[in-house]
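Here's the letter readout for the chains.
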Amino acid sequence: MKLMRVGEIGQEKPAMLDADGKIRDLSGHVSDIAGASISPEGLAKLAAIDPKTLPELQPGRIGACVAGTGKFICIGLNFSDHAAETGAAVPPEPVIFMKATSAIVGPNDNVLIPRGSEKTDWEVELGVVIGKTAKYVSEADALDYVAGYCVSHDVSERAFQTERAGQWTKGKSCDTFGPIGPWLVTKDEIADPQNLGMWLKVNGETMQNGSSKTMVYGVAFVVSYLSQFMSLYPGDVISTGTPPGVGMGMKPPRFLRAGDVVELGIEGLGTQKQTFQADL
Ligand code: ZN
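Everything numeric in this text was worked out from a predicted model, so none of it was measured.

Colleague: Hey, could you go over the side chain of Ser117 for me, with residue numbers and the actual values?
Modeller: Along the polypeptide, Ser117 turns up in the loop between strand E8 (111-113) and strand E9 (120-121). Residue classification places Ser117 among the buried residues on the basis of a relative accessible area of 14%. There is a polar contact of 2.7 Å between the side chain of Ser117 and the side chain of Glu157. Excluding residues that lie within four positions of it along the chain, Ser117 makes contacts with Glu157 and Phe160.

Below, the structure is given as structure tokens:
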């Protein structure tokens, strides 16, 4: 299933995309794409519905693909080829950092370049959406706790991230720096999360063209690993790191300016398109 949320900010209706690409209203069945509705039992109930019996929704703004996200956890330097372009070594254990959940927006919403920013950068990432509370889970069982996957854009301000002291959170948490969606694609549709093409373009020019194949710490390992330190809850999102081709790795480095258009996508998970604008 491709689950989504459609409507203006704060008024999104839960929906699913049917086989013909029509958006079907799920609000008669669940209050949102969140919490219990994305548990294994909740997803089984949604899968049992014939989409043709659901009212059709007109295409409009698409919201973030999941609501009620309590934690937005990111994995840093998780692609061997991206670590190399930043000049960093692949870390001996996953580097984790948090992105404020207030950064979450819809996949095609405008992204705001924060005041004082000169180094706003892009990162296409595979997002993992948790569907069931995970604590101390093994790598072998970890995917049982995953509801599905989405495209995640880990927008990053490099000066805030690395030149302003401390760790990375303030360069990752600016308002609108977390587009997720368009869909939460349930895991049954993704045969192998470690073999998905990932790409990103700026103003039509390809910048990132990689694969989750070069991810160092894969999805099952990361879910298990994180669950040793904290419980993961339904609706939590893990952004699993980016392949090479970010602006800071270019010679000379290249960053986003107001008016730039970024498009990104992952095989089977849909695409996003954002216009960057100054946060006045
Ligand atoms: Zn990232």
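There is more to say, and it comes next.
Colleague: Tell me about the domain arrangement of the protein, and name the residues and values.
Modeller: You can read the domains of the protein as domain 1 (2-57) and domain 2 (72-278). The gap between the C-alpha centroids of domain 1 and domain 2 is 25 Å. Contacts between the two partners involve 10 residues from domain 1, matched on the other side by 15 residues from domain 2. Of the roughly 930 Å² buried where domain 1 meets domain 2, counting both sides, 68% is carbon and sulfur surface. The largest share of the area that domain 1 buries against domain 2 comes from Lys2, Leu3 and Ile38, three residues that together contribute 54% of it. Viewed at the interface, domain 2 and domain 1 are joined by one salt bridge.

Calculation rules
Residues numbered from 1 in each chain as written. Predicted model: local features only at pLDDT ≥ 70, side-chain atom pairs only at ≥ 80, totals over all residues. Heavy atoms only, no water. Helix = DSSP H or I, 4+ residues; strand = E, 2+ residues; numbered from the N terminus. Buried < 20%, exposed > 50% of the residue type's maximum accessible area, 1.4 Å probe, protein only. Polar contact = N/O pair within 3.5 Å; in protein donor to acceptor, adjacent residues only side chain to side chain. Contact = heavy atoms within 4.5 Å. Domains from an automatic or database assignment. Buried area = accessible area lost by both parts, 1.4 Å probe. Salt bridge = Lys/Arg side-chain N within 4 Å of Asp/Glu carboxyl O.

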